[in-house]
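Each chain is listed here by its residues.
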Amino acid sequence: MATKSLKARNNDIAKTSKQLEILSNGIFSDGELPTFANKIKETNQFPLRPKKLEILQINLGYMCNQVCEHCHVDAGPDRKEIMLVKTMKQCLEVIKKTEAHTLDLTGGAPEMNPNFRWFVEEASKAGIKDFIVRSNLTIIRANKKYFDLPEFFKKYNIHVVSSMPHWTRGKTDKQRGNGVFDTSIKALQELNNVGYGVPGSSLQLDLVYNPSGAFLPGDQKGLENDFKKALKEDFNIDFHHLFAITNLPISRFLEYLIASENYEDYMVALVDAYNPSAVENVMCTNTISVSWDGYLYDCDFNQMLNLKVASKVTHIADYNEAILEDRTIIINQHCYGCTAGAGSSCQGTVA
């Protein structure tokens, strides 16, 4: 497993232009597989347009205490991009006015932003219905300054969504690094201790599952039952829901697919599993993604490919919800990942 990000390793795939080149050529340029645009034209769903905004997703920075094999953000300790207070204040102005019901903070490890707690405190005053923080769990045990995060989350009634690749040590550590499983278990137990995830509690704790290899996730409900049974029996851990998310062929997962010679087979699997019903509810239709430097994207994945919104409003400083709703969503072949099988989004399956 790599210990540095693609960017720090000067890997060609760190360049978004290189990723888009790979996704646009080969089996797609020679006609062996239909492009995503042509595929949704076949089902009369082109162009893809947004619906009413429900989720404002804000990336607080690419810095992370882990370097995971599948990470589409290419996050890691060597990534220094973090959202500054000036941009946070611009986001806060939008949070106060938006009609979106969900605020979703992500990273990297969003908790590593030095102004994370201040931002949570200020954003919580806006009265958002569902306030999500996406945590990798291990950050809670990474340093003593993070040890009180479970209590902090509880104070602001934060909905914690945590990455957990598997209920076994081997599969989790393979994807996320040695020792990640044991640390994650400890963090989950600490969240349970303050009331998160336990039956009857309003403190929401959900887990996120990503496949550990070049295959699509299984049935979300079946996986949730397996996770609940194993974690309860082995560690007395409770949680509310499991989100099964398909790995998209970008960034470090794209590197893995190419290195393991699985890229073409994986893309074929995604195309073969295309589900037009999933297209109706993909997250780019109800979400705006804000990058650490304040630029706007249709989704978190487009952010990582530097595909900004097709609108005259491209930065949080100029935010206008009505104008943003009147746009066409930018697509490419990675979008097959969100429309395969039961579909995939940051909130799990969509079909």
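Scroll up to find the structure.
First, a word on what this report is: a plain description of the structure on this page. (Residues numbered from 1 in each chain as written. Predicted model: local features only at pLDDT ≥ 70, side-chain atom pairs only at ≥ 80, totals over all residues. Heavy atoms only, no water.)

**So, the side chain of Asp-74**
Line of reasoning, step 1. Relative to the assigned elements, Asp-74 resides in the loop between strand E1 (55–59) and helix H3 (85–97).
Line of reasoning, step 2. When its relative accessible area of 4% is taken as the criterion, Asp-74 is described as buried.
Line of reasoning, step 3. Side-chain polar atoms of Asp-74 contact the side chain of Arg-252, separated by 2.6 Å.
Line of reasoning, step 4. With near-sequence residues (within four places) excluded, Asp-74 lies in contact with Ser-5, Leu-6, Lys-7, Arg-79, Ser-251 and Arg-252. (Helix = DSSP H or I, 4+ residues; strand = E, 2+ residues; numbered from the N terminus. Buried < 20%, exposed > 50% of the residue type's maximum accessible area, 1.4 Å probe, protein only. Polar contact = N/O pair within 3.5 Å; in protein donor to acceptor, adjacent residues only side chain to side chain. Contact = heavy atoms within 4.5 Å.)

**Concerning helix H8 (residues 220–235)**
Line of reasoning, step 1. Spanning 16 residues, H8 covers 21 Å between terminal C-alpha atoms, matching the ideal 22 Å at 1.5 Å per step.
Line of reasoning, step 2. Within H8 the residues assigned to the buried category are Gln-220, Leu-223, Glu-224, Phe-227, Ala-230 and Leu-231. Buried positions in H8, seen along its axis, are confined to an arc of 145° and lie on one side of it. For H8, the exposed residues set more than 90 degrees away from the buried face come down to Lys-229 and Glu-233.
Line of reasoning, step 3. Contacts made by the buried residues of H8 are with helix H7 (180–193), strand E5 (205–209) and strand E6 (241–244). (Expected span 1.5 Å × (residues − 1). Arc of directions from axis to C-beta.)

**As for the packing of H3 against helix H4 (residues 116–124)**
Line of reasoning, step 1. It is at 10 Å that the axes of H3 and H4 come closest, and there the two elements cross at 15°. Classified by the angle between their axes, H3 and H4 sit roughly parallel to one another. Crossing angle aside, the handedness with which H3 passes H4 is right-handed. Counting all contacts with H3, which are made through Val-85, Met-88, Lys-89, Cys-91, Leu-92 and Ile-95, the residues of H4 involved are Phe-116, Trp-118, Phe-119, Glu-122 and Ala-123.
Line of reasoning, step 2. Split by residue class, the contact of H3 with H4 holds 9 nonpolar, no polar and 2 charged. (Axes fitted to C-alpha atoms, helices over the stretch in contact; angles between N-to-C directions. Parallel < 35°, antiparallel > 145°, perpendicular 65-115°, else oblique. Left-handed = near helix turned anticlockwise from the far one by under 90°. Nonpolar A, V, L, I, M, F, W, Y, C, P; charged D, E, K, R; others polar.)

**What to know about the packing of aromatic side chains**
Line of reasoning, step 1. Inspection of every chain in the model, using the stated rule, returns 12 aromatic pairs.
Line of reasoning, step 2. Both rings, one in Phe-152 and one in Tyr-156, keep their centres 5.2 Å apart while their planes meet at 55°; by these two values the pair is tilted. The two residues Phe-152 and Tyr-156 agree in class, both being buried.
Line of reasoning, step 3. Taking 6.3 Å as the distance between ring centres and 80° as the angle between the ring planes, the aromatic pair formed by Tyr-274 and Tyr-336 counts as edge-to-face. Highlighted residues: Tyr-274 in the loop between helix H10 (263–272) and helix H11 (276–279) and Tyr-336 in the segment after helix H13 (321–325), separated in sequence by 62 residues.
Line of reasoning, step 4. Judged by relative accessible area, Tyr-274 falls into the buried class, the value being 11%.
Line of reasoning, step 5. Tyr-336 gets classed as buried once you look at its relative accessible area, which sits at 0%. (Phe/Tyr/Trp six-rings, centres within 6.5 Å; stacked < 30°, edge-to-face > 60°.)

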